[in-house]
Amino acid sequence: MHKPQPEPRSAYKVFRAISTRWMDNDAYGHVNNVVYYSWFDTAVNAYLIEQGVLDIEHGQTIGLVIETQCNYFEPLAFPQTVEAGIRLARLGNSSVRFEVGLFAQDAPLTAAKGHFIHVYVDRATRRPTPLPEPLKTVLEKLV
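These figures come from a predicted structure and were not determined experimentally.

Caption draft 1: Representation of the packing of aromatic side chains. Per the stated rule, a full pass over the model turns up 7 aromatic pairs. Through successive ring pairs, a cluster of aromatic residues spans Tyr12, Phe15 and Phe103. Between the NZ or CZ atom of Arg9 and the centre of the ring of Phe103, over which it lies, the distance is 4.6 Å. The ring of Tyr12 carries Arg87 above its face, with NZ or CZ at 4.4 Å from the centroid.

Rendered as C-alpha cells:
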C-alpha cells in the first residue's frame, strides 16, 4: 500500500477559488477536517451549475454521495483563499468519481486531496438512472 502524496496543479482540469471563513478554523488554529468535504461539494456543484447541467431545485436527475475520502498534507486556515482543482477519475453509466485537490492560493502542491462518488438517481424514485447526455458531455471534459 502506498502513502498518499501531494499532487501538482497540472493534475487537475478546472479550478475554483473558495474563501475561508472565520468559523472554518477549529480550536487548533486551522480549518477543521469536516470543512474540506463542504469545499468538495461546493467546488463540484458550483461548476456543474455554471455549466448548466445541474438544476438543484427542479432537475429530474440528482447526484447522491455514496462515498467520500480525504488525505491532508498541509494545514489551511482563515484568512486564506483556497483553490479547488477538479477532475474525474471514473465516468460510469450512472455514477461518477470526482477527485478534488485543495491548494493554498498559488501553492504548487495540494494541501489536501480527496474524492467523492455520486450516483445519479431520478429525483422522484431515488433509483439510479443513466447520466443525461448534457451532463455526460460536461463531465467528459474533466477526465
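And the narrative resumes.
Caption draft 2: Structural view of the pattern of salt bridges. A full pass over the atoms with the stated rule returns 7 salt bridges. Lys113 is paired through a salt bridge with Glu7; the nearest N and O atoms lie 3.5 Å apart. Here Lys113 is found in strand β5 (residues 112-122), whereas its partner Glu7 is found in the segment before β1 (14-19), with 106 residues between them in sequence. Overall, Lys113 belongs to the buried group, its relative accessible area being 15%. For Arg16, the salt bridge identified is with Glu50, shortest N-O distance 2.8 Å. Here Glu50 lies in helix α1 (residues 33-50) and Arg16 lies in strand β1, a separation of 34 residues in the sequence. The partly exposed category is assigned to Arg16, whose relative accessible area is 25%. We classify Glu50 as exposed; its relative accessible area is 52%. Through salt bridges with shared partners, a single network forms among Glu7, Arg87, Arg97, Glu99 and Lys113.

Caption draft 3: Spatial organisation of the nonpolar core. Ranked by size, the top nonpolar core spans 32 residues in total, and within it Tyr36, Trp39, Leu48, Leu76, Phe98, Leu102 and Leu139 carry the most contacts. Only α1, β3 (81-91), β4 (95-104), β5 and α2 (133-140) provide two or more residues apiece to this core. The element contributing the most residues to this core is α1, with 8 residues.

Caption draft 4: Just α1, in detail. Over its 18 residues, α1 extends 27 Å from the first C-alpha to the last, a length consistent with the 26 Å expected when each residue adds 1.5 Å. Looking only at α1, the buried set comprises Val35, Tyr36, Trp39, Phe40, Ala43, Val44, Ala46, Tyr47 and Leu48. As for α1, its buried residues are in contact with β1, β2 (61-72), β3, β4, β5 and α2. Note on α1: the residue one or two positions beyond its end, Gly52, has a positive phi of about 80 degrees.

Caption draft 5: Summary view of the side chain of Glu83. Examined against the element boundaries, Glu83 turns out to sit in strand β3. Residue Glu83 is classed as buried on the basis of its relative accessible area of 16%. In this structure the side chain of Glu83 is engaged in a polar contact, spanning 3.2 Å, whose partner is the backbone nitrogen of Asp106.

Caption draft 6: The arrangement of the environment of Arg126 in detail. With respect to the helices, strands and loops of the structure, Arg126 is situated in the loop between β5 and α2. Look at Arg126 and you get partly exposed, because its relative accessible area is 44%. Separated by 65 residues in sequence, Arg126 and Thr61 place their C-alpha atoms 9.0 Å apart. Dropping the residues within four chain positions of it, Arg126 is found in contact with Ile62, Leu64 and Val121.

Rules used in this analysis
Residues numbered from 1 in each chain as written. Predicted model: local features only at pLDDT ≥ 70, side-chain atom pairs only at ≥ 80, totals over all residues. Heavy atoms only, no water. Phe/Tyr/Trp six-rings, centres within 6.5 Å; stacked < 30°, edge-to-face > 60°. Lys NZ or Arg CZ within 6 Å of the ring centre and 35° of its normal. Salt bridge = Lys/Arg side-chain N within 4 Å of Asp/Glu carboxyl O. Helix = DSSP H or I, 4+ residues; strand = E, 2+ residues; numbered from the N terminus. Buried < 20%, exposed > 50% of the residue type's maximum accessible area, 1.4 Å probe, protein only. Core = buried A, V, L, I, M, F, W, Y, C linked by side-chain atoms within 4.5 Å. Expected span 1.5 Å × (residues − 1). Contact = heavy atoms within 4.5 Å. Polar contact = N/O pair within 3.5 Å; in protein donor to acceptor, adjacent residues only side chain to side chain.

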